[in-house]
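Listed below are the residues making up each chain.
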Amino acid sequence: MGWIESLLLGIVQGLTEFLPVSSSGHLIIGQELLGVDTSAADSLMFTVVVHAATVCSTLVVLWKEVAHLFRGTFMVKAWNEEKSYVAKIFLSMIPVFIIGVFFKDYVEAIFGSGLLVVGCCLMLTALLLTFAYFAKPRQKETISYRDAFIIGLSQAVAVLPGLSRSGTTIATGLMLGNKKESVAQFSFLMVIIPILGEAILSLADALLNGQPLMDAVGVVPLVVGFAGAFLSGCFACKFMIGLVKRGKLIYFAIYCALAGIITVCYSLF
(Lines give C-alpha, C1' and ligand atoms only; values in the text may rest on other atoms or scores of the structure.)
Protein backbone atom coordinates (compact mmCIF):
# COMPACT_ATOMS: atom_id res chain seq x y z
CA MET A 1 0.00 0.00 0.00
CA GLY A 2 1.45 3.34 -1.08
CA TRP A 3 1.01 6.69 0.67
CA ILE A 4 -1.61 7.91 -1.82
CA GLU A 5 -3.81 4.88 -1.19
CA SER A 6 -3.31 5.22 2.55
CA LEU A 7 -4.25 8.92 2.45
CA LEU A 8 -7.43 8.26 0.47
CA LEU A 9 -8.46 5.35 2.66
CA GLY A 10 -7.63 7.32 5.80
CA ILE A 11 -9.91 10.16 4.70
CA VAL A 12 -12.64 7.65 3.88
CA GLN A 13 -12.32 6.07 7.32
CA GLY A 14 -12.32 9.41 9.15
CA LEU A 15 -15.38 10.72 7.33
CA THR A 16 -17.46 7.55 7.42
CA GLU A 17 -16.70 6.60 11.04
CA PHE A 18 -18.99 9.41 12.20
CA LEU A 19 -21.28 9.87 9.22
CA PRO A 20 -24.07 7.24 9.20
CA VAL A 21 -22.83 5.48 6.07
CA SER A 22 -20.66 2.61 7.50
CA SER A 23 -16.90 3.12 7.77
CA SER A 24 -16.18 -0.62 7.51
CA GLY A 25 -18.29 -0.95 4.38
CA HIS A 26 -16.73 2.07 2.69
CA LEU A 27 -13.25 0.95 3.69
CA ILE A 28 -13.87 -2.41 2.02
CA ILE A 29 -15.28 -0.69 -1.08
CA GLY A 30 -12.31 1.72 -1.17
CA GLN A 31 -9.79 -1.10 -0.83
CA GLU A 32 -11.54 -2.98 -3.61
CA LEU A 33 -11.53 0.02 -5.96
CA LEU A 34 -7.88 0.86 -5.19
CA GLY A 35 -6.78 -2.76 -5.56
CA VAL A 36 -5.55 -3.08 -1.96
CA ASP A 37 -5.24 -6.68 -0.71
CA THR A 38 -7.57 -6.79 2.31
CA SER A 39 -6.08 -10.07 3.53
CA ALA A 40 -2.52 -8.76 3.75
CA ALA A 41 -0.77 -7.78 6.99
CA ASP A 42 -0.50 -4.16 5.90
CA SER A 43 -4.29 -4.00 5.55
CA LEU A 44 -4.71 -5.16 9.15
CA MET A 45 -2.14 -2.72 10.49
CA PHE A 46 -3.60 0.14 8.48
CA THR A 47 -7.14 -0.60 9.69
CA VAL A 48 -5.96 -0.56 13.31
CA VAL A 49 -4.11 2.74 12.85
CA VAL A 50 -6.95 4.62 11.14
CA HIS A 51 -9.44 3.40 13.74
CA ALA A 52 -7.11 4.70 16.46
CA ALA A 53 -7.02 8.02 14.59
CA THR A 54 -10.81 8.32 14.70
CA VAL A 55 -10.74 7.68 18.46
CA CYS A 56 -8.27 10.55 18.81
CA SER A 57 -10.53 12.81 16.76
CA THR A 58 -13.45 11.94 19.05
CA LEU A 59 -11.39 12.91 22.10
CA VAL A 60 -10.39 16.21 20.47
CA VAL A 61 -13.89 17.24 19.36
CA LEU A 62 -15.59 16.13 22.60
CA TRP A 63 -12.73 17.03 24.94
CA LYS A 64 -14.90 19.22 27.17
CA GLU A 65 -17.41 16.41 27.67
CA VAL A 66 -14.64 13.85 28.23
CA ALA A 67 -12.87 16.11 30.75
CA HIS A 68 -16.17 16.73 32.55
CA LEU A 69 -16.86 13.00 32.80
CA PHE A 70 -13.29 12.33 33.97
CA ARG A 71 -13.48 14.92 36.75
CA GLY A 72 -16.90 13.79 37.90
CA THR A 73 -15.91 10.12 37.88
CA PHE A 74 -12.47 10.17 39.48
CA MET A 75 -12.38 13.38 41.53
CA VAL A 76 -15.74 13.12 43.29
CA LYS A 77 -16.42 10.37 45.83
CA ALA A 78 -20.21 10.49 45.84
CA TRP A 79 -22.35 8.87 43.13
CA ASN A 80 -23.28 11.54 40.61
CA GLU A 81 -24.54 12.07 37.06
CA GLU A 82 -21.05 11.68 35.60
CA LYS A 83 -20.53 8.28 37.25
CA SER A 84 -24.00 7.24 36.10
CA TYR A 85 -23.20 8.29 32.52
CA VAL A 86 -19.93 6.33 32.51
CA ALA A 87 -21.77 3.31 33.92
CA LYS A 88 -24.23 3.53 31.03
CA ILE A 89 -21.32 3.63 28.56
CA PHE A 90 -19.84 0.46 30.09
CA LEU A 91 -23.27 -1.17 30.07
CA SER A 92 -23.62 -0.39 26.36
CA MET A 93 -20.29 -2.11 25.67
CA ILE A 94 -21.35 -5.52 27.04
CA PRO A 95 -23.04 -6.79 23.82
CA VAL A 96 -20.15 -5.85 21.53
CA PHE A 97 -17.71 -7.35 24.07
CA ILE A 98 -19.60 -10.66 23.89
CA ILE A 99 -19.54 -10.55 20.09
CA GLY A 100 -15.81 -9.81 20.05
CA VAL A 101 -14.89 -12.57 22.50
CA PHE A 102 -17.21 -15.42 21.48
CA PHE A 103 -18.17 -14.73 17.86
CA LYS A 104 -15.08 -13.04 16.42
CA ASP A 105 -14.41 -15.83 13.90
CA TYR A 106 -17.96 -15.66 12.56
CA VAL A 107 -17.77 -11.89 12.17
CA GLU A 108 -14.43 -12.14 10.34
CA ALA A 109 -15.95 -14.73 8.02
CA ILE A 110 -18.76 -12.29 7.19
CA PHE A 111 -16.25 -9.51 6.59
CA GLY A 112 -14.54 -11.73 4.03
CA SER A 113 -17.73 -12.58 2.20
CA GLY A 114 -17.41 -9.80 -0.38
CA LEU A 115 -19.30 -6.73 -1.48
CA LEU A 116 -22.72 -8.38 -1.60
CA VAL A 117 -23.05 -8.36 2.20
CA VAL A 118 -21.78 -4.76 2.29
CA GLY A 119 -24.40 -3.65 -0.21
CA CYS A 120 -27.26 -5.38 1.60
CA CYS A 121 -26.20 -3.90 4.94
CA LEU A 122 -25.96 -0.42 3.43
CA MET A 123 -29.58 -0.74 2.34
CA LEU A 124 -30.48 -1.89 5.87
CA THR A 125 -28.72 1.21 7.22
CA ALA A 126 -30.86 3.32 4.89
CA LEU A 127 -33.98 1.65 6.27
CA LEU A 128 -32.98 2.33 9.90
CA LEU A 129 -32.20 5.99 9.17
CA THR A 130 -35.56 6.37 7.43
CA PHE A 131 -37.41 4.92 10.43
CA ALA A 132 -35.51 7.28 12.76
CA TYR A 133 -36.32 10.28 10.56
CA PHE A 134 -40.07 9.67 10.53
CA ALA A 135 -40.40 8.42 14.11
CA LYS A 136 -41.75 11.07 16.50
CA PRO A 137 -41.49 9.58 20.02
CA ARG A 138 -41.51 11.57 23.26
CA GLN A 139 -38.15 13.24 23.90
CA LYS A 140 -36.53 11.94 27.12
CA GLU A 141 -34.33 14.18 29.22
CA THR A 142 -31.61 11.57 29.80
CA ILE A 143 -30.59 8.22 28.32
CA SER A 144 -31.74 5.48 30.71
CA TYR A 145 -29.79 2.32 31.60
CA ARG A 146 -32.32 0.31 29.59
CA ASP A 147 -31.86 2.50 26.53
CA ALA A 148 -28.07 2.42 26.91
CA PHE A 149 -28.13 -1.39 26.79
CA ILE A 150 -30.47 -1.45 23.78
CA ILE A 151 -28.22 1.04 21.97
CA GLY A 152 -25.32 -1.26 22.87
CA LEU A 153 -27.17 -4.18 21.27
CA SER A 154 -27.52 -2.17 18.08
CA GLN A 155 -23.79 -1.43 18.15
CA ALA A 156 -23.07 -5.16 18.41
CA VAL A 157 -25.23 -5.85 15.36
CA ALA A 158 -23.46 -3.03 13.51
CA VAL A 159 -20.19 -5.00 13.39
CA LEU A 160 -21.53 -6.28 10.08
CA PRO A 161 -19.75 -4.54 7.17
CA GLY A 162 -22.01 -1.96 5.58
CA LEU A 163 -24.23 -1.55 8.64
CA SER A 164 -23.26 1.87 9.98
CA ARG A 165 -22.34 1.85 13.67
CA SER A 166 -23.11 5.52 14.19
CA GLY A 167 -26.20 5.34 12.01
CA THR A 168 -27.51 2.24 13.80
CA THR A 169 -26.86 3.51 17.34
CA ILE A 170 -28.15 7.03 16.66
CA ALA A 171 -31.25 5.71 14.88
CA THR A 172 -31.93 3.30 17.76
CA GLY A 173 -31.51 6.04 20.35
CA LEU A 174 -33.84 8.38 18.46
CA MET A 175 -36.51 5.72 18.02
CA LEU A 176 -36.32 5.07 21.79
CA GLY A 177 -37.25 8.72 22.31
CA ASN A 178 -33.92 10.25 23.35
CA LYS A 179 -32.86 13.78 22.45
CA LYS A 180 -30.87 14.13 19.25
CA GLU A 181 -27.78 15.81 20.69
CA SER A 182 -27.64 13.40 23.65
CA VAL A 183 -27.83 10.36 21.36
CA ALA A 184 -25.11 11.65 19.03
CA GLN A 185 -22.72 12.38 21.90
CA PHE A 186 -23.41 9.03 23.58
CA SER A 187 -22.94 7.20 20.29
CA PHE A 188 -19.49 8.70 19.72
CA LEU A 189 -18.30 8.25 23.31
CA MET A 190 -19.49 4.65 23.71
CA VAL A 191 -17.28 3.40 20.89
CA ILE A 192 -13.93 4.71 22.17
CA ILE A 193 -13.04 1.74 24.38
CA PRO A 194 -14.32 -0.98 21.97
CA ILE A 195 -12.27 0.48 19.10
CA LEU A 196 -9.11 0.70 21.21
CA GLY A 197 -9.73 -2.78 22.61
CA GLU A 198 -10.20 -4.27 19.15
CA ALA A 199 -7.04 -2.53 17.94
CA ILE A 200 -4.98 -3.92 20.80
CA LEU A 201 -6.38 -7.44 20.40
CA SER A 202 -5.81 -7.41 16.63
CA LEU A 203 -2.21 -6.29 17.04
CA ALA A 204 -1.56 -8.85 19.79
CA ASP A 205 -3.03 -11.66 17.69
CA ALA A 206 -0.99 -10.65 14.65
CA LEU A 207 2.23 -10.45 16.65
CA LEU A 208 1.60 -13.85 18.25
CA ASN A 209 1.16 -15.29 14.76
CA GLY A 210 4.47 -13.77 13.67
CA GLN A 211 3.12 -11.27 11.15
CA PRO A 212 5.78 -8.62 10.24
CA LEU A 213 3.39 -5.70 10.49
CA MET A 214 5.74 -2.74 10.22
CA ASP A 215 7.80 -4.36 7.48
CA ALA A 216 4.64 -4.99 5.49
CA VAL A 217 3.18 -1.48 5.48
CA GLY A 218 5.97 0.97 6.27
CA VAL A 219 5.97 4.04 8.48
CA VAL A 220 5.06 6.70 5.89
CA PRO A 221 1.74 5.15 4.74
CA LEU A 222 0.74 4.64 8.36
CA VAL A 223 1.51 8.24 9.32
CA VAL A 224 -0.26 9.61 6.24
CA GLY A 225 -3.28 7.35 6.81
CA PHE A 226 -3.46 8.36 10.47
CA ALA A 227 -3.29 12.06 9.60
CA GLY A 228 -5.96 11.74 6.93
CA ALA A 229 -8.31 9.80 9.23
CA PHE A 230 -7.71 12.14 12.18
CA LEU A 231 -8.32 15.41 10.32
CA SER A 232 -11.32 14.17 8.37
CA GLY A 233 -12.65 12.53 11.56
CA CYS A 234 -12.52 15.84 13.45
CA PHE A 235 -14.52 17.50 10.69
CA ALA A 236 -17.03 14.64 10.40
CA CYS A 237 -17.59 14.38 14.17
CA LYS A 238 -18.46 18.07 14.56
CA PHE A 239 -20.51 18.04 11.36
CA MET A 240 -22.47 14.94 12.40
CA ILE A 241 -23.41 16.28 15.83
CA GLY A 242 -24.82 19.41 14.22
CA LEU A 243 -26.57 17.36 11.55
CA VAL A 244 -28.31 15.10 14.05
CA LYS A 245 -29.51 18.15 16.00
CA ARG A 246 -31.08 19.50 12.81
CA GLY A 247 -32.67 16.12 11.98
CA LYS A 248 -31.23 15.76 8.48
CA LEU A 249 -30.50 12.01 8.53
CA ILE A 250 -32.86 11.32 5.63
CA TYR A 251 -30.24 12.50 3.14
CA PHE A 252 -27.84 9.83 4.37
CA ALA A 253 -30.64 7.27 4.12
CA ILE A 254 -30.96 8.13 0.44
CA TYR A 255 -27.18 7.93 -0.03
CA CYS A 256 -26.92 4.55 1.72
CA ALA A 257 -29.79 3.15 -0.34
CA LEU A 258 -28.16 4.24 -3.60
CA ALA A 259 -24.69 3.08 -2.50
CA GLY A 260 -26.14 -0.26 -1.40
CA ILE A 261 -27.93 -0.84 -4.72
CA ILE A 262 -24.83 0.09 -6.73
CA THR A 263 -22.63 -2.17 -4.56
CA VAL A 264 -24.99 -5.13 -4.88
CA CYS A 265 -25.21 -4.68 -8.67
CA TYR A 266 -21.41 -4.36 -8.90
CA SER A 267 -20.88 -7.55 -6.91
CA LEU A 268 -23.41 -9.54 -8.97
CA PHE A 269 -22.63 -8.27 -12.45
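As a convention, each chain's residues are numbered from 1 in the sequence order in which they are written. Reporting of local features is limited, given that this is a predicted model, to residues whose pLDDT is at least 70; pairs of side-chain atoms are given and counted only at 80 or more, and all residues count toward the totals for whole chains, interfaces and linings. The basis for the side-chain values is all heavy atoms of the structure; hydrogens and waters are excluded.

Asker: Can you help me understand the overall build of the protein in this one?
Answerer: Numbered from the N terminus, helices here are DSSP runs of H or I no shorter than four residues, and strands are runs of E no shorter than two. Check the secondary structure of the protein and you find 14 helices and zero strands. From first element to last, N terminus to C terminus, the protein shows the α and β order α-α-α-α-α-α-α-α-α-α-α-α-α-α. When a residue's accessible area, from a 1.4 Å probe over protein chains only, is under 20% of the maximum for its type it is buried; when over 50% it is exposed; and in between it is partly exposed. Counting the 269 residues in the protein, one finds 48% classified as buried. Working definition of accessibility: Shrake-Rupley area with a 1.4 Å probe, residue cover restricted to the visible protein chains. Carbon and sulfur atoms make up 72% of the accessible area of the protein, which totals about 13,200 Å².

Asker: Can you walk me through the pattern of salt bridges in this structure?
Answerer: Close approach of charged atoms allows side chains of opposite charge to pair. Any carboxyl oxygen of Asp or Glu within 4 Å of a side-chain nitrogen of Lys or Arg constitutes a salt bridge here. A full pass over the atoms with the stated rule returns three salt bridges. Note that D147 and K140 form a salt bridge whose closest N and O atoms lie 2.7 Å from each other. Summarising the burial analysis for this pair, D147 and K140 share the class buried. The salt bridge involving D147 is made with R146; its shortest N-O contact spans 2.7 Å. Take D147: its relative accessible area is 0%, and that puts it in the buried class. Several salt bridges converge on common partners, so that one network encompasses K140, R146 and D147.

Asker: Whenever I open this one, the packing of helix α7 (residues 115–134) against helix α14 (residues 250–268) confuses me. Can you help?
Answerer: Under this scheme, a helix contributes an axis fitted over its contacting stretch, all axes are lines through C-alpha atoms, and angles between N-to-C directions fall in the 0 to 180 degree range. Taken N-terminus to C-terminus, the directions of α7 and α14 make an angle of 160 degrees; their axes are 7 Å apart at the nearest point. Taken together, the axis directions place α7 and α14 in an arrangement best described as roughly antiparallel. By crossing handedness, the relation of α7 to α14 is classed as left-handed. Per-class residue counts for the contact of α7 with α14 are 20 nonpolar, six polar and no charged. Between 65 and 115 degrees an angle is taken as roughly perpendicular, under 35 as roughly parallel, over 145 as roughly antiparallel, and anywhere else as oblique. Note: crossing handedness is left-handed where the near helix turns anticlockwise from the far helix by less than a right angle, and right-handed where it turns clockwise. Three classes are used: nonpolar for Ala, Val, Leu, Ile, Met, Phe, Trp, Tyr, Cys and Pro, charged for Asp, Glu, Lys and Arg, and polar for all others, with Gly counted as polar.

Asker: Can you walk me through the environment of L115 in this structure?
Answerer: Mapping L115 onto the fold places it in helix α7. A residue is classified by how much of its surface remains accessible, and L115, at 11% relative accessible area, is buried.

Asker: Can you walk me through the UniProt feature "transmembrane region" (unreviewed entry) in the protein in this structure?
Answerer: UniProt positions are given in the numbering used here, feature names are shortened, and annotations may be inferred rather than shown by experiment. This chain's UniProt record puts "transmembrane region" (unreviewed entry) on residues 44–64, 85–103, 109–135, 183–204, 216–243 and 249–268. Between the end C-alpha atoms of residues 85–103 there is a gap of 28 Å, over a span that is 95% helix and 0% strand. Its end C-alpha atoms 29 Å apart, residues 249–268 is made of 95% helix and 0% strand.

Asker: Hey, could you run me through a nonpolar patch on the surface in this one?
Answerer: A grouping of I94, F97, I98, V101, F102, F103, Y106, F149 and L153 is seen on the molecular surface, where their side chains present a nonpolar patch of about 900 Å² in accessible area. Where the nonpolar patch is concerned, the elements lending two or more residues are α5 (81–102) and α8 (145–157). Positionally, F149 belongs in helix α8. A residue counts toward a patch only above 30% relative accessible area and without a salt bridge, and it is joined to like-charged neighbours within 9 Å or, for Val, Leu, Ile, Met, Phe, Trp and Tyr, to nonpolar neighbours within 5 Å.

Asker: What should I look at first to understand the packing of helix α1 (residues 3–18) against helix α13 (residues 219–246) in this one?
Answerer: If you want to describe how two helices pack, look at the angle between their axes and the distance between the axes. Where α1 meets α13, the axes come as close as 7 Å, and the angle between the chain directions of the two elements is 25 degrees. In terms of axis orientation, α1 runs roughly parallel to α13. Taken as a pair, α1 and α13 cross one another with a handedness that is right-handed. Side by side, α1 and α13 meet where W3, S6, L7, G10, I11, G14, L15 and F18 of the first sit next to V220, P221, V224, G225, G228, A229, S232, G233, F235, A236, C237 and M240 of the second. Residue contacts are counted whenever heavy atoms from the two residues lie within 4.5 Å of one another.

Asker: I would appreciate a short explanation of the nonpolar core in the present structure.
Answerer: As a rule of thumb, soluble globular proteins bury nonpolar side chains together. One finds I170, F186, F188, L189, M240 and L249 to be the most contacted residues of the largest nonpolar core, which totals 47 residues. Looking at this core element by element, the count peaks at seven residues for α13. Not counting residues within four places of it along the chain, the set of residues in contact with L249 comprises P20, L129, I170, L174, M240 and V244. By convention a nonpolar core is built from buried Ala, Val, Leu, Ile, Met, Phe, Trp, Tyr and Cys residues, the set being connected through side-chain atoms within 4.5 Å. L9, F46, V50 and A53 belong to the second largest nonpolar core, which has six residues in total.

Asker: Would you take a moment to explain the environment of A184 for this structure?
Answerer: In this structure, A184 sits in helix α10 (residues 180–189). The exposure class of A184 is buried, given its relative accessible area of 0%. Note: C-alpha distance between A184 and L243 (59 residues apart in sequence) is 9.5 Å. Aside from chain neighbours lying at most four places away, what touches A184 is I170, I241 and V244.

Asker: Even after reading the chapter, I still don't get the packing of aromatic side chains, so can you show me in this structure?
Answerer: Aromatic ring pairs are defined here through the distance separating the ring centres and the angle between the ring planes. Any Phe, Tyr or Trp ring, taking Trp's six-membered ring, that has another such ring centre within 6.5 Å forms a pair; planes under 30 degrees apart are called stacked, those over 60 apart edge-to-face, and the others tilted. For the structure shown, the criterion picks out six aromatic pairs. Pairing F18 with F188 gives two aromatic rings, centres 5.1 Å apart and planes at 85 degrees, and the pair type is edge-to-face. Of the two residues, F18 is situated in helix α1 and F188 in helix α10; the sequence distance between them amounts to 170 residues. The same class applies to F18 as to F188, namely buried. Should the NZ of a Lys or the CZ of an Arg lie within 6 Å of a ring centre and within 35 degrees of the ring normal, that charge is described as sitting over the ring. Taking the ring centre of Y145 as reference, the NZ or CZ of K88 above it sits at 5.3 Å.

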